[in-house]
Amino acid sequence: MQRSINKANATSIESSRIAQSIGFTLDRFIKNNQDQFQYASGELSQLLRDIALASKVVNREVNKAGLIDIMGALGSQNTAGDNQQKLDVLANIRFTRALAKGGEVCALVSEESESFVDLSNDGKYVIAIDPLDGSSNIDVNVSIGTIFSIYRRKTSPGTPIQHIDILQKGSEQVAAGYVLYGSSTMLVYTTGHGVNGFTYEPSLGEYFLSHPNLNMPDDGKIYSINEGLSDSFSNGVRSYIQYCKQQRYTARYIGSLVADFHRNMLKGGIYIYPATAKDANGKLRLMYECNALAFIAEQAGGKATDGKVRILDIELKELHQRTAFFVGSKNMVDQAQSFKP
Ligand code: AFP
C-alpha cells in the first residue's frame, strides 16, 4: 500500500511544473549544431557564446535602468565616483569587451563608433553590431534590442584588416541575430540553417531553446510604419498604407526595430522604414540593422528589400550606409512593392 502511494506521489510530482524538463540550453544547442557550419572549427560557436554572455550583462543593466535614475536622484554615485553612463554606451562597452577578449573577431563595426574597431589581427571574423537599438525607448520602459551580423574576413588572419574584410554584402553573412530585451529577454539567431529563438531564464542565468525553427507566416495583417512622417513618403508608400487600411490591417509601431520585427515574424506582418524628406536614403543602417534582420527574415521564410532590391544584395560602400527597409511576411512585402514605393 505504502509503495503504491509513493508511486502515485512520484508520478504527480513528475508531471508537475517543478519537475518539468528545463530543455535545451543555448550552449548545448550551439555545440550540437556546430557541424552545420562549413568552417566548423568552434570559433564561431565561441563567438556566439561571447555575444550571449555580453547580452546577459546588458540585460542586467537594462533591468536596472529605472533604479539607476532613482539612485541618481538620491545623489549617489558608483564607488569610483563616476557619472552614470548612458545605457547604449555601456552596452557598446560590454559587447566590445566580450568580443575583444574572445580573440575570434578581428574588427568590430558599431553604431556607437565612427570607424571600425581593430580588435585582433588573428581573428577570423568581422562583426557589425547595434549594441542597443531603440534606445530612446529605455527611459519609458519599452522593449529595446541588440542586433548583430557576423562575416568571415576575406584576407588571411594575422595580416592587417582591409576594407574588403569590412565592406561585405549582407549575403556574405555567416551568422546574424538579435537580442530582444522585452517582457522576457530573447536571443534569436541564424547561421544559415533556419532560425531559432532562446528565452533567458534569469534565475538560472541561461538561455533555453523556446522557439525552434521559427517560420514567418507568408501573410499577415499587421503593418508597422511611422505614419507621422507620411507627408514626406512617396506616393507609392502612401498608397500602400491606404491599401492596408482598406484591408482592415492593424497598425503597430513600437519604434524599436527589433521588437517590431520580432512581433511581425511571429504573427505575420510588414515593417517599413521608407525614404523620407529628412532621410532620402532611408534612416536605418544597412550594416548593423537591416542586413542581420534581412538574413533572419529570409531564413524564416520572409522577405526583405529596399522597396526594389533584395537587402542582402546591396553593395556596401561605407560603414554607416543607410537604406530604406521593407521586411516581413513574403506576400506583404511583394504587395507593398507592387505599389512602386
Ligand atoms: P533609436 O535607437 O535612436 O531610438 O532609433 C531606433 C531606430 O533605429 C529603430 O529601432 C526604429 O524602428 C526607428 O529608429 C524608429 O525611428 P522613428 O522614430 O523615426 O520612427
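What you see is a predicted model; the values in this text were computed from it and never measured.

Student: Could you clarify how one ought to interpret the side chain of His262 in this entry?
Tutor: Structurally, His262 is set in helix H8 (residues 257–267). A residue is classified by how much of its surface remains accessible, and His262, at 7% relative accessible area, is buried. Among residues more than four places away in sequence, those in contact with His262 are Tyr178, Leu180, Met186 and Val188.

Student: When you look at the nonpolar core in this model, what are you seeing that I'm missing?
Tutor: Generally speaking, nonpolar side chains in soluble globular proteins are found buried as a group. Judged by nonpolar contacts, the single largest core of 44 residues is most densely connected at Tyr178, Phe261, Met265, Met287, Leu293, Ile311 and Phe325. No other element matches helix H9 (residues 286–299), which puts 10 residues into this core. Setting aside residues up to four positions removed in sequence, Phe325 forms contacts with Leu257, Tyr271, Ile272, Tyr273, Leu284, Cys290, Leu293, Ala294, Ala304, Thr305 and Ile311.

Student: Help me out: how do you make sense of the environment of Ile270 in this one?
Tutor: Checked against the element boundaries, Ile270 lands in strand S11 (residues 269–273). Separated by 10 residues in the primary sequence, Ile270 and Asp260 place their C-alpha atoms 9.0 Å from one another. If we ignore the near neighbours within four places in the chain, the residues touching Ile270 are Ile222, Tyr223, Ser224, Tyr240, Asn264, Val327, Gly328, Met332, Val333 and Ala336.

Student: Sorry if this is basic, but what is going on with the pairing of strand S3 (residues 125–133) here?
Tutor: The side chains of a regular strand alternate between both faces of the sheet. Of all 9 residues making up S3, 9 are buried, and the element is well covered by its neighbours. Across 5 bridges, strand S1 (residues 105–110) lies against S3 in parallel orientation. Bridging from a neighbouring strand, Val105 pairs with Tyr125 of S3. Bridge count between S3 and strand S4 (residues 144–152): 7 bridges; the pairing is antiparallel. Each bridged residue has a counterpart across the sheet, and for Asp133 the counterpart in S4 is Gly145.

Student: Before we go on, may I ask you to explain the confidence of the model for the protein in this structure?
Tutor: Atom-level detail of predicted coordinates should not be read off regions where pLDDT is low. Of the residues in the protein, 87% reach a pLDDT of 70 or more, and the chain-wide mean stands at 89. Every residue in residues 70–84 is under pLDDT 50, and counting partners more than four places away or in other chains gives 4 contacts.

Student: Is there a simple way to explain the sheet that holds S1 in this structure?
Tutor: Strand order across the open sheet formed by 8 strands is S2-S1-S3-S4-S5-S6-S7-S8, with mixed pairing between neighbours. In this open sheet, the two edge strands, each paired with only one partner strand, are strand S2 (117–118) and strand S8 (206–211). Relative to strand S5 (residues 173–181), S4 runs antiparallel, the two being bridged by 8 bridges. Residue pairing in the sheet places Ile144 in a bridge with Tyr181 of S5. Here helix H5 (residues 87–102) sits on the sheet in contact with S1, S3, S4 and S5, set at roughly 155° to S3.

Scoring rules and cut-offs
Residues numbered from 1 in each chain as written. Predicted model: local features only at pLDDT ≥ 70, side-chain atom pairs only at ≥ 80, totals over all residues. Heavy atoms only, no water. Helix = DSSP H or I, 4+ residues; strand = E, 2+ residues; numbered from the N terminus. Buried < 20%, exposed > 50% of the residue type's maximum accessible area, 1.4 Å probe, protein only. Contact = heavy atoms within 4.5 Å. Core = buried A, V, L, I, M, F, W, Y, C linked by side-chain atoms within 4.5 Å. Pairing = 2+ DSSP bridges. pLDDT = per-residue confidence, 0-100. Axes fitted to C-alpha atoms, helices over the stretch in contact; angles between N-to-C directions.

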